[in-house]
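Spelled out, the chains give:
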Amino acid sequence: MTTDSTITIGLLLPDVLGTYSDSGNATVLAQRLRWRGMSAEVLRCTAGQAPPTGCDIYLLGGGEDTAQLFAASWLRSHRALCHALESSGVTLAVCAGLQILGRTMADSDGREHSGAGLLDITTRPRRRRATGNIVTDCHLPGVGQLCGFENHRGATTLGPGVRPLGQVVSGVGNGERPFARAAGEGALSERIIGTYLHGPVLARNPALADHILARATGAALPPLELPDQAALRNNYL
Ligand code: GLN
């Protein structure tokens, strides 16, 4: 935090990761705080900068395979940042952002690359890309259903210490069909929320945004009634 009352949001590598406007997750978090009269600051950290290590919230977006390999090695080279993601703050990582936090990820030729090792997950390519709308039942209490769209080749396997963020209702999520009804989506550890959902996911799913904000501020936030947003969600759920 920059002051006791300002929530800082570290938007990591918006110049490398951020397909489908995932950077908008930072805008949503900051605006939902400001609508409640709270102060927020978004710190954009591009590849040439030393990343901030004292943020309340960190965000990583999705990206193409080459971009994500760069992002993975960038992350590994910033050990203090990795420590911050593990031990302070709350992190939301989307798609490639999720994959690079894991132990390993294999490219489409099957070659394995190291991730940052902050999550006990591994990612391998599916036979076919998973593309389209996705709906899940989120495991976080009070968050309900999540909607978004997915576009990824990676299939992600969770280790024993990691839970999925939710169960797939429709779409692919972490795994392969025909297990879609039982399939998990995303990953949850103590401080990291990972998901394949774009949208940006927090614009589509305000309850998830408020869950992250409640974690970061240490208190449940007063509800915000935004009828347009509810109407928009009804198109997808
Ligand atoms: N490159 C990764 C994959 O295809 C992630 C894609 C993304 O972030 N949208 O699995």
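Cut-off values and rules
- Residues numbered from 1 in each chain as written.
- Predicted model: local features only at pLDDT ≥ 70, side-chain atom pairs only at ≥ 80, totals over all residues.
- Heavy atoms only, no water.
- Helix = DSSP H or I, 4+ residues; strand = E, 2+ residues; numbered from the N terminus.
- Rg over C-alpha atoms; globule rule 2.2 N^0.38 Å.
- Buried < 20%, exposed > 50% of the residue type's maximum accessible area, 1.4 Å probe, protein only.
- Areas by Shrake-Rupley, 256 points an atom, 1.4 Å probe, with all protein chains shown as cover.
- Expected span 1.5 Å × (residues − 1).
- Axes fitted to C-alpha atoms, helices over the stretch in contact; angles between N-to-C directions.
- Parallel < 35°, antiparallel > 145°, perpendicular 65-115°, else oblique.
- Contact = heavy atoms within 4.5 Å.
- Nonpolar A, V, L, I, M, F, W, Y, C, P; charged D, E, K, R; others polar.
- Near = heavy atom within 4 Å.
- Polar contact = N/O pair within 3.5 Å; in protein donor to acceptor, adjacent residues only side chain to side chain.
- 1 Å grid on protein atoms, 1.4 Å probe; cavity = no way out; pocket = protein on both sides within 12 Å on 5 of 7 lines; lining within 4 Å.
- Sits in = over half its atoms within 2 Å of the grid points.
- Phe/Tyr/Trp six-rings, centres within 6.5 Å; stacked < 30°, edge-to-face > 60°.
- Patch = residues over 30% accessible without salt bridge, like charges linked within 9 Å, V, L, I, M, F, W, Y side chains within 5 Å.
- Salt bridge = Lys/Arg side-chain N within 4 Å of Asp/Glu carboxyl O.

What follows concerns the overall build of the protein. Within the protein, the regular secondary structure consists of 7 helices and 12 strands. Over its C-alpha trace the protein gives a radius of gyration of 17 Å, about what one expects of a compact globule, namely 18 Å for 237 residues. Projecting the C-alpha coordinates of the protein onto the three principal axes gives extents of approximately 50 × 40 × 30 Å. Residue burial in the protein is summarised as follows: out of 237 residues, 53% are buried. Total accessible area on the protein stands at roughly 10,400 Å², and carbon and sulfur atoms take up 50% of it.

For helix α6 (residues 206-217), spanning 12 residues, the distance from its first C-alpha to its last is 16 Å, which sits close to the expected 16 Å at 1.5 Å a residue. Regarding α6, the residues found buried are Pro206, Leu208, Ala209, Asp210, His211, Ile212, Leu213 and Ala216. Gly218 sits one or two residues past α6 and shows a positive phi near 80°.

Relative to the helices and strands, Glu41 is located in strand β2 (residues 39-45). Residue class for Glu41 comes out partly exposed when judged on its relative accessible area of 31%. C-alpha separation for the pair Glu41 and Ala230, spaced 189 residues apart in sequence, amounts to 26 Å.

All right, on to the packing of helix α2 (residues 65-77) against helix α3 (residues 79-87) then. The N-to-C vectors of α2 and α3 enclose an angle of 90°; their axes lie 5 Å apart at closest approach. In terms of axis orientation, α2 runs roughly perpendicular to α3. Counted together, Trp74, Leu75, Arg76 and Ser77 of α2 and Arg79, Leu81, Cys82 and Leu85 of α3 form the full contact between these two elements. Of the residues that constitute the contact of α2 with α3, the class distribution is 5 nonpolar, 1 polar and 2 charged.

The next thing to look at is the site of the ligand. Taken together, 14 residues surround the ligand, and among them Gly63, Asp65, Gln68, Cys95 and Gly154 come closest. Side-chain polar atom of Asp65 to a nitrogen atom of the ligand: 2.5 Å apart, as the coordinates give it. A distance of 2.8 Å separates an oxygen atom of the ligand from a polar backbone atom of Gly154. Put simply, the ligand lies in the largest pocket. Of all the secondary-structure elements, those providing two or more residues to the shell around the ligand are α2, α4 (96-100) and β8 (145-158). The greatest single-element share of the shell around the ligand, amounting to 4 residues, is contributed by β8. Class assignment of the residues belonging to the shell around the ligand gives a composition of 2 nonpolar, 8 polar and 4 charged.

Tallied over the entire structure, the rule returns 1 aromatic pair. Taking the centre distance of 4.9 Å and the plane angle of 75° together, the rings of Tyr20 and Phe149 count as edge-to-face. Of this pair, Tyr20 sits in the loop between β1 (6-12) and α1 (24-35) while Phe149 is found in strand β8, placing the two residues 129 residues apart along the sequence. Residue Tyr20 is classed as partly exposed on the basis of its relative accessible area of 35%. Judged by its relative accessible area of 23%, Phe149 falls in the partly exposed class.

A separate point is a nonpolar patch on the surface. A contiguous nonpolar patch, built from Leu232, Tyr236 and Leu237 and spanning about 250 Å² of accessible area, is present on the exposed surface. Of note, Leu237 is situated in the segment after α7 (227-234).

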